[in-house]
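Here's the letter readout for the chains.
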Amino acid sequence: MLGPALHSAPDCGKITCVPHFDETQVRAILLDIEGTTTPVDFVTKTLFPYASRKLETFLRENAAKEEIRTPLEELRTQRGVDEQNGLKPPSWRDDSEEARVGSATAYGQWLIARDSKSTPLKALQGRIWQQGYARGDLKGEVYPDVPAAFERWKRRGKTICIYSSGSVLAQQLLFGSIATGDLTPYITAFFDTRVGAKGEAESYRKIAAAVSLEPRQFLFLSDAAKEIEAARAAGMQALLCERHETDAALRGSAQVIRDFNGIFPR
Ligand SMILES: [Mg+2]
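Below is a short write-up of the structure.

Rules of the game
Residues numbered from 1 in each chain as written. Predicted model: local features only at pLDDT ≥ 70, side-chain atom pairs only at ≥ 80, totals over all residues. Pairing = 2+ DSSP bridges. Helix = DSSP H or I, 4+ residues; strand = E, 2+ residues; numbered from the N terminus. Right-handed = clockwise from strand over helix to strand, strands pointing away. Axes fitted to C-alpha atoms, helices over the stretch in contact; angles between N-to-C directions. Parallel < 35°, antiparallel > 145°, perpendicular 65-115°, else oblique. Left-handed = near helix turned anticlockwise from the far one by under 90°. Contact = placed C-beta atoms within 7 Å. Nonpolar A, V, L, I, M, F, W, Y, C, P; charged D, E, K, R; others polar. Core = buried A, V, L, I, M, F, W, Y, C linked by C-beta atoms within 7 Å. Buried ≥ 20, exposed ≤ 12 C-beta atoms within 10 Å, placed from the backbone. Domains from an automatic or database assignment.

A separate point is the pairing of strand S3 (residues 187–191). Regular strands have side chains that alternate between both faces of the sheet. Here strand S2 (residues 159–163) pairs with S3 via four bridges, running parallel. The residue bridging Ile160 from the neighbouring strand is Ile187, located in S3. Assessed by its sense of winding, the connection that carries the chain from S2 through helix H6 (residues 168–176) to S3 is right-handed.

In structure tokens, the structure reads:
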């Protein structure tokens, strides 16, 4: 449930309609990325295809490195679990490095196509994107209201944290390469699935503890209803962020925001 409304009633006649939340409690704002700070298209149409395209070359060039060997080994284990669960992943061969790289590529691409949240896959994608950002092939994207909101919230003394299924590295690269400037100085902490799944209340409790605040001192914004429920179950305040007018109209505006303009607007 939402906290008690201590500020004035939402004015839905104006451009921005802000649902009730207890502003006085909020010391930190926790943000989802995909569909919340950043268009979903950026991930599905830019980042995923880039990682999928570069995976084989990347593995071939880096398979011997320690920081790549661990996620590779974890991928192999995970593939075994997928097979046992009857998911029919691509086959895996270990008889030569060539075969191993080929197997990891096929399985990695299979996972990417399924929008997998696999932690080792995310680690590899993060490294590939790092190269892409460094080469200037990739640039992070946020909705136009996001940089101003970060600036406002920081000025109000709010702690800004990110929680996304993309790896922490991928998150830092994205926010570090926005066309209008580097947004990472505004962000206190980044969390990925290593803290737990986004649909689990326990993950949100751990995030609160990691920045030495109580869950009730957080406002969580996400486009996923399941994540909103989990954050609320942990004691956080949370609002659904629907970036498309049609979605918000369908759900009604009571617990939905369209952008960040009404969240600590001054
Ligand atoms: Mg999302």
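That was the structure; now back to the text.
Packing of helix H4 (residues 119–135) against H6 brings their axes to within 8 Å, and their N-to-C directions diverge by 20°. As the angle between them shows, H4 and H6 are arranged roughly parallel. When you trace H4 past H6, the crossing you get is left-handed. From H4, Gln125, Gly126, Trp129, Gln130 and Tyr133 reach across to H6, where they touch Leu169, Ala170 and Leu173. For the contact of H4 with H6, the per-class residue count stands at five nonpolar, three polar and no charged.

Our next topic: the nonpolar core. Judged by nonpolar contacts, the single largest core of 60 residues is most densely connected at Ile29, Leu30, Phe220, Leu221 and Ala231. If one sorts the elements of this core by residue count, helix H1 (residues 40–62) sits on top with six residues. Summarising the domain contributions, this core has at least three residues from each of domain 1 (23–38 + 140–257) and domain 2 (42–135). If sequence neighbours within four positions are ignored, Leu30 has contacts with Cys161, Tyr163, Ile207, Phe218 and Phe220.

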